[in-house]
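Here's the letter readout for the chains.
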Amino acid sequence: MVRVSGAPQDVARRLREGMARGVLSFPLTAFHGDGSLDPDGCRAHVADRLAAGPGALFPACGTGEFFSLDEDEYRQVVTIAVEEAAGRVPVVAGTGYGWAQAARFAGIAEEAGADALLVLPHYLVAAPQDGLVAQLAQLAARTRLPLIAYQRDQVAYTVDSLRRIAGIPNVIGLKDGHSDLDRLQRLTLAAPEGFLFFNGAATAEVQARAYTAVGVPAYSSAVHAFAPEIAAAFRTALRGGDDDTADRLLRGFYVPFVELRDRTPGYAVSLVKAAARLRGARVGPVRAPLTDPGAADLAALKDLLATGLGLVGAAL
């Protein structure tokens, strides 16, 4: 049975409330050792994320290896997230590729009961602004779900394009992964009242202060997928103006984590999954073309994770 999500403005309101309450959680997709989907592992991981109090749940997105899922696996992952959330927080499923394939995934997410969709950057090619706008318009015409555009890599909206996509009735927001704060400030000033923005930079906490300064305090947290204690402590410090604690976490954990992440392409997902396994989560390996960390990087990650947890009074 299709559960029709609320009107776009209602979903936007719920997301805004969630963004004010907690970080945005992007759960991992669990696989068995042979690479097949592990639904029970997915369910346990999502339940643990929800217990840590996120503002919203974003299954089957970049951290959740959307690009590696077939349509049946995607259905299972989104359904599990919706069932576990049980209406407590909004569930925003990933979709992507060209608009035709994105619409197929959108239909599955709609049937599964998702509240909205995060539209990941399209595959492979660069495109002019008219094409970027048309991509969202074509998808919006084929789903009842509200859409959040995601700009990173080959997708970057101009002010004019932002105004145009914001005029599409069910486009409710923008996730930014470029960290071009001059451009982002121009976009936020041009957007209509109520349009959502959030920080989607890799390891977003490192740039959270800068994003807040241009009016974008909400952010996604990959760290929430494996160390919600650290994620919560940093957010509390940031919101409370506790610069000493924020700096201590940045110096002792977040910046070294970014330096480790930058050693190998794909580590933005692979390290997160490896860290979750170190905490006992049954999430399994990444799927090719990603690779799991080697022994030296895994040892460095374990030491760093222990340090970060120690900074907030938690243990590995």
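Now for a description of the structure that goes with this document. (Residues numbered from 1 in each chain as written. Predicted model: local features only at pLDDT ≥ 70, side-chain atom pairs only at ≥ 80, totals over all residues. Heavy atoms only, no water.)

## Looking at the side chain of Lys175
Position of Lys175 among the secondary structure elements: in strand β6 (residues 171-176). For the buried Lys175, no salt bridge is present, and the opposite-charge side chain at shortest range is Asp176, 10 Å distant. (Helix = DSSP H or I, 4+ residues; strand = E, 2+ residues; numbered from the N terminus. Buried < 20%, exposed > 50% of the residue type's maximum accessible area, 1.4 Å probe, protein only. Lys, Arg positive; Asp, Glu negative; His and termini not counted. Salt bridge = Lys/Arg side-chain N within 4 Å of Asp/Glu carboxyl O.)

## Here's the deal with the sheet that holds strand β1 (residues 24-25)
Ordered by their spatial adjacency, three strands build an open sheet running β2-β1-β8, and the pairing between neighbours is parallel. The open sheet is flanked by β2 (56-57) and β8 (220-221), the only strands paired with a single partner. Summarising the sheet, β1 and β8 pair through two bridges and their orientation is parallel. Each bridged residue has a counterpart across the sheet, and for Leu24 the counterpart in β8 is Ser220. (Pairing = 2+ DSSP bridges.)

## Describing the pairing of β6
With six of six residues buried, β6 is to be regarded as a mostly interior element. As defined by bridge partners, strand β5 (residues 147-151) adjoins β6 across five bridges and the pair is classed as parallel. Note that in β6 the partner of Ala149 across the bridge is Leu174. Note on the crossover from β5 through helix α6 (residues 159-166) to β6: the handedness is right-handed. The sheet contact formed by β6 and strand β7 (residues 196-199) spans four bridges and is parallel. When the sheet's bridge partners are listed, Gly173 is paired in β7 with Leu196. Crossover β6 to β7 through helix α7 (residues 181-190) is right-handed. (Right-handed = clockwise from strand over helix to strand, strands pointing away.)

## Some remarks on the sheet that holds β5
As summarised here, the arrangement of the five strands in space is β3-β4-β5-β6-β7, forming an open sheet in which the pairing is parallel. Sheet topology places β3 (92-95) and β7 at the edges, where each strand pairs with a single neighbour. Direction aside, the axes of adjacent strands within the sheet are offset by 25 degrees on average. Helix-sheet contacts for helix α4 (residues 99-112) involve β3 and β4 (116-119), and the interaxial angle to β3 is about 155 degrees. Lying over the sheet, helix α5 (residues 129-140) contacts β3, β4 and β5, oriented at roughly 155 degrees with respect to β5. (Axes fitted to C-alpha atoms, helices over the stretch in contact; angles between N-to-C directions. Contact = heavy atoms within 4.5 Å.)

## As for the packing of helix α9 (residues 228-240) against helix α10 (residues 243-261)
At a closest axis distance of 8 Å, the pairing of α9 and α10 adopts a crossing angle of 145 degrees. Crossing geometry of α9 relative to α10 is assigned as left-handed. Residue-level inspection shows Ile230, Ala231, Ala233, Phe234 and Ala237 of α9 in contact with α10, the latter providing Thr245, Ala246, Leu249, Leu250, Phe253 and Tyr254. Among the residues forming the contact of α9 with α10, the class breakdown is ten nonpolar, one polar and no charged. (Left-handed = near helix turned anticlockwise from the far one by under 90°. Nonpolar A, V, L, I, M, F, W, Y, C, P; charged D, E, K, R; others polar.)

## Describing the pattern of salt bridges
Here the structure, examined in full by the defined rule, presents 21 salt bridges. When the shortest N-O distance is used, the salt bridge between Arg75 and Glu111 registers 2.9 Å. Within this pair, whereas Arg75 is found in helix α3 (residues 71-85), its partner Glu111 is found in helix α4, the two being separated by 36 residues in sequence. A salt bridge links Arg209 to Asp243, with the shortest nitrogen-to-oxygen separation between them at 3.5 Å. Here Arg209, found in helix α8 (residues 208-213), pairs with Asp243, found in helix α10; they are 34 residues apart in sequence, far enough to count as distant. Take Asp243: its relative accessible area is 45%, and that puts it in the partly exposed class. Within this structure, Arg43, Glu83 and Glu84 form a network of salt bridges that share partners.

## With respect to the nonpolar core
Judged by nonpolar contacts, the single largest core of 106 residues is most densely connected at Phe58, Tyr74, Leu118, Phe226, Phe234 and Tyr254. Residues within four places of Tyr74 in sequence aside, it is in contact with Ala60, Phe66, Leu69, Ala93, Gly94, Phe105, Ile108, Ala109 and Leu117. (Core = buried A, V, L, I, M, F, W, Y, C linked by side-chain atoms within 4.5 Å.)

## Looking at the layout of surface pockets
Taken as a whole, the largest pocket holds about 930 Å³ of empty space. In terms of lining, the largest pocket is formed by 38 residues, of which the most central are Gly62, Phe67, Tyr150, Arg152 and Val269. At the level of secondary structure, the elements contributing two or more residues to the lining of the largest pocket comprise β8, α10 and α11 (267-278). If one sorts the elements of the lining of the largest pocket by residue count, α11 sits on top with four residues. Here the lining of the largest pocket is composed, by residue class, of 22 nonpolar, eleven polar and five charged. (1 Å grid on protein atoms, 1.4 Å probe; cavity = no way out; pocket = protein on both sides within 12 Å on 5 of 7 lines; lining within 4 Å. Points joined across faces, edges and corners; volume = space filled by probe spheres on them.)

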